[in-house]
Amino acid sequence: EFGGGVATQETWKAKRRRIRCCICRSAWKATREGTGSMAVPGRVGRSSRTVATRSGGGTSSVAGKTNGTPSAPSMKTQPAFVPQGNVRINRETPSRGLRHGCRTVKCEATTIGSSDSKMQEPGYLQLATVGQESEISAMERSISLLKELGPGQGPSKPLKGFSLDILDEGYKRCGEITSFYAKTFYLGTQLMPPEKQQAIWAIYVWCRRTDELVDGPNASRITPEALDRWEERLVAAFEGRPYDILDAALTDTVSKFPIDIQPFKDMIDGMRMDLYKPRYETFDELYEYCYRVAGTVGLMTTPIMGVDPLYDGSLEKVYKAALALGTANQLTNILRDVGEDAKTRNRIYVPKADLASFNITEDEVLTGMFSPSSGKVDDRWRAFMKYQIERARYYFKEAETGVGALDKDARWPVWSALILYRKILDSIENNDYNNFTTRAYVPKWRKLSSIPVALLKASASPKDM
């Protein structure tokens with residue numbers, strides 16, 4: 001069992017395998033047994049890993065896609081309201097004509113002859129036009145619940161039948177799992193008050209366990225019915241009937257913070273998409289997926305982060321920024337993991353319509369668009385990636401508009417996650433856009449150098465927004 005007596009000389013790889021195994025068994029066992037109250041304290045007491053996004057990293061105010069690899073929690077979300085359709089944008093001058101006041105960035109993908117020359121024109125980005133109904137509805141529900149209950153009250157009844165020792169053990173295990181799989185994010189939560197950091201850990205672990213169902217060792221045996229049972233177990237946790245001590249931590253969290261259940265259900269729907277949808281035709285389809293697996297994390301965690309009392313703007317602006325961060329994180333994960341997803345999972349998340357615009361076929365993505373002898377990346381793929389990276393940066397920029405409105409004790413970790421995750425895009429560029437054989441990562445010295453920048457941004461007053 002996670003946290004049980006393990007030999008002190010255990011190697012790092014063995015420890016990782018042990019923890020991962022416990023996580024997988026817990027989630028898999030739950031889907032086979034169905035829901036129910038926890039009759040014996042610590043009955044399962046194991047864990048699993050979540051994606052906030054299938055996350056590449058981040059708290060709900062930060063989220064992304066895990067794809068089997070742990071990453072810092074990200075507010076991986078997509079903005080529910082963004083300029084619609086195809087937008088020309090300019091880095092130097094904020095666009096005054098765009099709806100919702102969204103800022104934009106310039107796309108510098110070079111033109112190489114394709115079926116859609118527009119997509120390769122400088123300054124052109126194609127954003128989502130449909131597929132936002134779910135996130136808009138969930139965001140409105142979340143804001144409504146916050147206004148109804150206030151920041152210190154949750155929709156779930158207080159947890160009963162558990163001693164404080166058992167509950168403390170549940171939170172402790174959530175913290176251990178978070179620190180193991182998302183070290184940078186975990187360090188960021190240390191800046192929060194204990195109640196907030198524990199709540200973030202509980203959310204993170206639930207998300208990781210959910211993601212593990214479709215991306216873990218037992219993924220081949222997961223069926224839609226298994227996810228239905230997992231959703232029933234979620235409802236039980238919100239009703240005060242947790243199945244194990246990790247669910248108990250979630251139940252306790254949703255009794256203390258105004259967290260709505262809909263984003264959790266939407267994330268499970270995102271896992272259902274992974275069961276039957278290995279390709280995405282358009283960015284509209286991908287956008288909806290990004291919301292479900294990552295944007296939802298922003299809606300889950302923003303009520304925990306809290307809004308600064310000095311902020312007098314719209315709550316929609318804060319929640320839309322959380323969604324945007326989730327979207328940006330998830331898009332970053334997808335771009336980082338193109339080769340891994342194609343080779344090991346036969347999944348291609350980048351839109352087929354975008355590939356066609358750059359004269360790229362599915363088979364070319366599956367085999368890798370680089371020369372095996374020289375390692376040189378195909379010019380078409382380089383141009384394609386430049387376009388995709390600029391679109392991800394657009395959503396990072398959107399996310400910045402709301403981070404400053406969070407409570408002071410939450411701004412630094414969220415800014416840190418945003419800055420660090422965005423640097424993954426820089427790493428992809430530094431690798432000459434080869435995400436088939438080279439995994440982009442942020443070196444430790446770059447992480448450390450970003451801390452003062454995040455602190456400076458976090459120190460700004462909401463009144464300056």
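Our subject is the structure that appears above.
An account of the accompanying structure is given in this report. (Residues numbered from 1 in each chain as written. Predicted model: local features only at pLDDT ≥ 70, side-chain atom pairs only at ≥ 80, totals over all residues. Heavy atoms only, no water.)

## Overview of the overall build of the protein
Part 1: Along the protein, the regular secondary structure elements total 16 helices and two strands.
Part 2: By the burial criterion, 60% of the 465 residues in the protein qualify as buried.
Part 3: Nonlocal contacts in the protein, meaning residues at least 24 apart in sequence, comprise 76% of its contacts between residues at least 6 apart.
Part 4: Of the roughly 18000 Å² of accessible surface on the protein, a fraction of 51% belongs to carbon and sulfur atoms. (Helix = DSSP H or I, 4+ residues; strand = E, 2+ residues; numbered from the N terminus. Buried < 20%, exposed > 50% of the residue type's maximum accessible area, 1.4 Å probe, protein only. Contact = heavy atoms within 4.5 Å. Areas by Shrake-Rupley, 256 points an atom, 1.4 Å probe, with all protein chains shown as cover.)

## Here we look at the packing of helix H9 (residues 283-305) against helix H10 (residues 315-336)
Part 1: Relative to each other, H9 and H10 sit at 125°, their axes nearing to 7 Å. It follows that H9 is oblique to H10 by the angle criterion. In this structure, H9 crosses over H10, and the sense of that crossing is right-handed. (Axes fitted to C-alpha atoms, helices over the stretch in contact; angles between N-to-C directions. Parallel < 35°, antiparallel > 145°, perpendicular 65-115°, else oblique. Left-handed = near helix turned anticlockwise from the far one by under 90°.)

## Looking at the packing of aromatic side chains
Part 1: Applying the stated rule across the entire model yields 17 aromatic pairs.
Part 2: Ring centres 6.2 Å apart and planes at 45° place the aromatic pair Tyr287 and Tyr395 in the tilted group. Highlighted residues: Tyr287 in helix H9 and Tyr395 in helix H14 (residues 379-403), separated in sequence by 108 residues. Of the two residues, Tyr287 and Tyr395, neither departs from the other in class, the shared state being buried.
Part 3: Looking at Arg391, its charged tip hangs above the ring of Phe283, at a distance of 3.9 Å from the centre. (Phe/Tyr/Trp six-rings, centres within 6.5 Å; stacked < 30°, edge-to-face > 60°. Lys NZ or Arg CZ within 6 Å of the ring centre and 35° of its normal.)

Spatial relationships are all this shows, so hold off on functional conclusions.
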